[in-house]
Amino acid sequence: MARAMAGANDQRDQTIDLDEPLLVERVRRGDREAFGKLVDRYSEQAFAVAYGFLQHAEDAEDLAQDAFLRALERIDRLDRGSPFGPWFYRLLVNAALNRRKYLARRRMEKIPEGTTGPGDPAADAERAVLRNCLASAVDALPDDLATVVILHDLEGFTHPEIARVLEIPEGTCRSHLSRARRMLREGLKELRHP
Amino acid sequence: MVNQREERPLDELGVLKAPPRSEERRRAARGRILAAAAPLLQRRRRPASYWEVLAGWARPGLAAASIALLLLAAALQFTGNGEETVAPVPLDEVLATSDAGRVPALLVAINEPDADAVVAAALTGNGR
C-alpha cells in the first residue's frame, strides 16, 4: 500500500510541470491539444479519486469526465499562474460528494464490481463482504471526513496537498483524518459484529 | 495528556482502491472526454466580441488610470499649485528712456508687470 501511495505521489509530482500555466492559457483559447495534455496528466488520478468516492468504475469515469468538462467551462475562474491540479481536484471532490449522495441508494443495492475473480470463491465472497462493510462505513462518514480519508489513505495525497485542494488548514486536515479513521474502525466493528 | 489521534490507517481500506484500467479503456475514456469537450473548445476559439475585449482590458485599464492619476497628483504636489508665476518687471525697465523719448514702460515690458511696476509707472508718468 505504501508503494502504491508513493506511486500516486510520483504521478502528481510529474503533473506539476513548468509548462502547465502555458497549457492552461492555451486551453483558455480553445486549444484541443493542450486540453488533451491536461486530460492525460490528470485523468488516471481523477478516475481513482472518483472511484474512491463512488466504488463504481463507470460512475467514476462519468464523474471524471464531468469534472474535466466543468473545469473547461470554468477555466477563466482559475487565477493566472495558479496550479491547475488542486483547483481541478476541488471541482472533482465537490462533484463526487454530490454524486455520492445521489447514487447512495443505487450503490447500496448493488454488489460492488471487482469483487469476484478467478481465485478462491470463498475468499472472493469474504472480500466482497469486507468491501460492502467498508463502503458503508465510508458512506456513513460526514463529507469532510470521508474526503480526507479517501484522498489520504486511498489515494496517497499528502496533508499539504489535501489542504490545498479543500482550502483548509493542514491541522484541520490531520484532525479530520484522525476522526475519520476512528469512526471507520468503530463503524466497521459494528457492521461486522452487529 | 492522552493523544486522541488515531494515526494508523486501516489496512482493509485498500479493497476500496480503484481497479487498474486497461490501456484500451483509458483511451476510450480519453476519447469520450475530448469529444464532449469539443463544442466547448470550439466556442472558446471564436473571435471575442467588443464587450469581451473591453472587459478583458477593464482591470489593467483601471490600474493604469490609477497610476497615471497618482503620478499627476505627485507632479502637481512637487511643482507647486500649478498656477503660472509672474516674473516681476524690473523698475529700471519701467523707468527706461530712449532717444526717441519716453516709451510707455507698460507697453514695452516683455512680461506682465506686477503691481509695484504699475504703481511706479503711474508715479513717473511712464505708463502711457
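Since this is a predicted model, take the numbers as computed values, not measurements. (Residues numbered from 1 in each chain as written. Chains lettered and ligands numbered in written order. Predicted model: local features only at pLDDT ≥ 70, side-chain atom pairs only at ≥ 80, totals over all residues. Heavy atoms only, no water.)

Draft legend 1. Local environment of unusual backbone geometry. Residue and element names in this part refer to chain A. Residues other than glycine seldom take positive phi values, yet Gln55 does so here, at roughly 55 degrees. If you trace the backbone, Gln55 turns up in the loop between helix H3 (32-54) and helix H4 (57-73). The phi dihedral of Glu167 is positive, around 55 degrees, even though this residue is not glycine. Position of Glu167 among the secondary structure elements: in the loop between helix H8 (159-166) and helix H9 (170-192). (Helix = DSSP H or I, 4+ residues; strand = E, 2+ residues; numbered from the N terminus.)

Draft legend 2. Representation of empty space enclosed by the protein in the model. One pass over the full model with this rule turns up three cavities of 30 Å³ or more. Of the voids in this model, the largest cavity is the one considered here, and its volume is about 60 Å³. If you go around the largest cavity, the residues you meet are Ser43(A), Phe47(A), Glu61(A), Ala64(A), Gln65(A), Arg21(B), Ala29(B), Arg32(B) and Ile33(B). Mapped by element, the contributors of at least two residues to the lining of the largest cavity are H3 and H4 of chain A together with helix H1 (23-45) of chain B. Taken together, the residues of the lining of the largest cavity break down into four nonpolar, two polar and three charged. (1 Å grid on protein atoms, 1.4 Å probe; cavity = no way out; pocket = protein on both sides within 12 Å on 5 of 7 lines; lining within 4 Å. Points joined across faces, edges and corners; volume = space filled by probe spheres on them. Nonpolar A, V, L, I, M, F, W, Y, C, P; charged D, E, K, R; others polar.)

Draft legend 3. Highlighting the nonpolar core. Counting 68 residues, the largest nonpolar core has Phe35(A), Phe84(A), Phe88(A) and Leu13(B) as the members making the most contacts within it. At 12 residues, the largest contribution of residues to this core is made by H3(A). When neighbours within four sequence positions are excluded, Phe84(A) is seen to be in contact with Glu20(A), Val24(A), Leu38(A), Tyr42(A), Ala71(A), Ile75(A) and Leu78(A). (Core = buried A, V, L, I, M, F, W, Y, C linked by side-chain atoms within 4.5 Å. Buried < 20%, exposed > 50% of the residue type's maximum accessible area, 1.4 Å probe, protein only. Contact = heavy atoms within 4.5 Å.)

Draft legend 4. Expanded view of the side chain of Thr147(A). Residues and elements named next belong to chain A. With respect to the element layout, Thr147 can be found in helix H7 (residues 143-154). Given the relative accessible area of 2%, Thr147 is considered buried. Not counting the four nearest positions on each side in its chain, Thr147 is found in contact with Phe53, Val93, Leu97 and Leu166.

Draft legend 5. Representation of a nonpolar patch on the surface. Residues and elements named next belong to chain B. A contiguous nonpolar patch, built from Tyr50, Trp51 and Leu54 and spanning about 420 Å² of accessible area, is present on the exposed surface. Position of Tyr50 among the secondary structure elements: in helix H2 (residues 50-78). For Tyr50, a relative accessible area of 60% corresponds to the exposed category. (Patch = residues over 30% accessible without salt bridge, like charges linked within 9 Å, V, L, I, M, F, W, Y side chains within 5 Å. Areas by Shrake-Rupley, 256 points an atom, 1.4 Å probe, with all protein chains shown as cover. Salt bridge = Lys/Arg side-chain N within 4 Å of Asp/Glu carboxyl O.)

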